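Notes for the structure review
Listed here are the chains, written in short residue letters.
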Amino acid sequence: MGLSKTFSASDVSVHSTYASRYIRDKPAKYKIPENSTPKEVAYQVINDELMLDGKPRLNLASFVTTWMEPECDKLIMDSLNKNYVDMDEYPVTTELQNRCVNMIADLFNAPHKESDEAATGTGTVGSSEAIMLAGLAFKRKWQIKRKAEGKPYDKPNIVTGANVQVCWEKFARYFEVELKEVKVREDYYIMDPAKAVEMVDENTICVAAILGSTYNGEFEDVKLLNDLLLEKNKQTGWDTPIHVDAASGGFIAPFLYPELEWDFRLPLVKSINVSGHKYGLVYAGIGWIIWRSKEDLPEDLIFHINYLGAEQPTFTLNFSKGSSQIIAQYYQLIRQGFEGYRNIMENCHNNAMVLKAGLEKTERFKILSKDIGVPVVAFSLKDTSRYNEHMVSEHLRRFGWIVPAYSMPEDAKHVALLRVVIREDFSCTLAERLVFDVTHVLNELDRQAATAVNGSKCVY
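Residues numbered from 1 in each chain as written. Predicted model: local features only at pLDDT ≥ 70, side-chain atom pairs only at ≥ 80, totals over all residues. Heavy atoms only, no water.

As annotated in an unreviewed UniProt entry, the chain is Glutamate decarboxylase from Rubus argutus. Quoted straight from UniProt, the Sequence similarities (unreviewed entry) entry for the chain says "Belongs to the group II decarboxylase family." Under the Catalytic activity (unreviewed entry) heading, UniProt states for the chain: "L-glutamate + H(+) = 4-aminobutanoate + CO2". (UniProt positions renumbered as here; feature names shortened; annotations may be inferred.)

Looking at the pairing of strand E7 (residues 287-291)
Where burial is concerned, most of E7 is hidden: five out of the five residues are buried. Across the two faces of E7 the burial is the same, with Gly287, Ile289 and Trp291 and Trp288 and Ile290 all buried. With five bridges connecting them, strand E1 (residues 120-124) and E7 associate as antiparallel partners. Within the sheet, the bridge partner assigned to Gly121 lies in E7 and is Ile290. Alignment of strand E6 (residues 269-275) against E7, held across five bridges, turns out to be antiparallel. When the sheet's bridge partners are listed, Ser271 is paired in E7 with Trp291. (Buried < 20%, exposed > 50% of the residue type's maximum accessible area, 1.4 Å probe, protein only. Helix = DSSP H or I, 4+ residues; strand = E, 2+ residues; numbered from the N terminus. Pairing = 2+ DSSP bridges.)

Brief notes about empty space enclosed by the protein
This model, assessed by the stated rule, comprises one cavity of 30 Å³ or more. Of the pockets and cavities examined, the largest cavity occupies roughly 60 Å³. Every residue along the wall of the largest cavity is listed here: Phe63, Thr65, Thr66, Trp67, Lys278, Tyr279, Leu281, Arg423, Glu424 and Asp425. Of the residues assigned to the lining of the largest cavity, the class counts are four nonpolar, two polar and four charged. (1 Å grid on protein atoms, 1.4 Å probe; cavity = no way out; pocket = protein on both sides within 12 Å on 5 of 7 lines; lining within 4 Å. Points joined across faces, edges and corners; volume = space filled by probe spheres on them. Nonpolar A, V, L, I, M, F, W, Y, C, P; charged D, E, K, R; others polar.)

So, the sheet that holds E6
Taken in spatial order, the seven strands of this open sheet run E1-E7-E6-E5-E4-E2-E3, and their pairing is mixed. Whereas interior strands pair on both sides, the edge strands pair on one side only; in this sheet they are E1 and strand E3 (178-182). Taking each pair of neighbouring strands and ignoring which way they run, the sheet shows an average axis angle of 20 degrees. Across four bridges, the pairing between strand E5 (residues 242-245) and E6 is parallel. Bridge assignment links His243 to a residue of E6, and that residue is Ser271. Across the face of the sheet, helix H7 (residues 222-236) comes into contact with strand E4 (204-210), E5 and E6 while running at roughly 170 degrees to E5. (Axes fitted to C-alpha atoms, helices over the stretch in contact; angles between N-to-C directions. Contact = heavy atoms within 4.5 Å.)

Laid out in structure tokens, this is it:
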């Protein structure tokens, strides 16, 4: 008996979503639909498709915050319709941003308090934009100086380690700056300060150090870099500065390693970026760039506009952006305070040590991360003759875990590794469960490898 092809023509609002024609229709992919869709149906169709996404809290590839308190979620929802750039209409939001800048600058030991001035900095959509702004400031200052000296200013370069995040490559390509990378090597996966200083020349606009490598969470030695660069500047008469990319480590070091000198306590550090949406504990969409002083941000890079109701300065790559993440950052700064951030970072570090110990107990992995740094556990297989890190990563997805497998930068590209980022919402219980599942995966891969070997020996 064939199915009837006669469907009810009554008002769709009386039907269940799954009784409507919209469930039979293919989703719009390449052009906007001709007709409207009921709101309940639009929600259900999209929500059903999103179920196929992974669970954010089990995404151990990401440094980005995946959990916040309900009270902050409410603040975010209540401010979704505020455009931050309308400072005249939303002066309190602007004030909250300025408070965040001052608090973060103080956390990084900026000298603004000595002059009784507000800190110099701004909120961004993330550390990528913050790095672009910092790089532009360095480039412009270098160009102004070179022009004044009557020297060529068309070939700027920046010195970094090969382990930098891709946003540095974007900056170099988009803004025509040569990227001079210090190569990493096996068992040394960060920038060597001595080699970095050797690469500095009169066209170097800055040296970029990383406080928390994307690859293994390790801190670079900014203090040694500063000392070596001070000596070279003294010998050459140059004044090459340092930028610290603290996207991941900027909210770690002040709380776990307060004696570590990496910030504005070092005279050559002129700007620092940090991601509020990483260990600043805010959902994706907020970063910060802080300058040592207002003299380090060239005035001609700041635009002044009045077509939103009042005279206001702006120095960002984009214009409109939401206010929610700025408000959420202020919430976290006053909600957690120094005590709360320290407790959370200590928990993250302790849970990273639990995971590290569990992986070491299997005797199957080499740990590539350091105990001092961002709470990340990076590890590689000791024996890859039968299966590799990518296969371990793929099998872990069956348990819901997203653990990335990838290769180190050039000159260490033969080294593959797995990396687990320990965030605020990753508990000791989850760490122990992950070790259990990793062990299960290894046993399963062992059995598959043994079966494959035995099968190849069969005679037919």
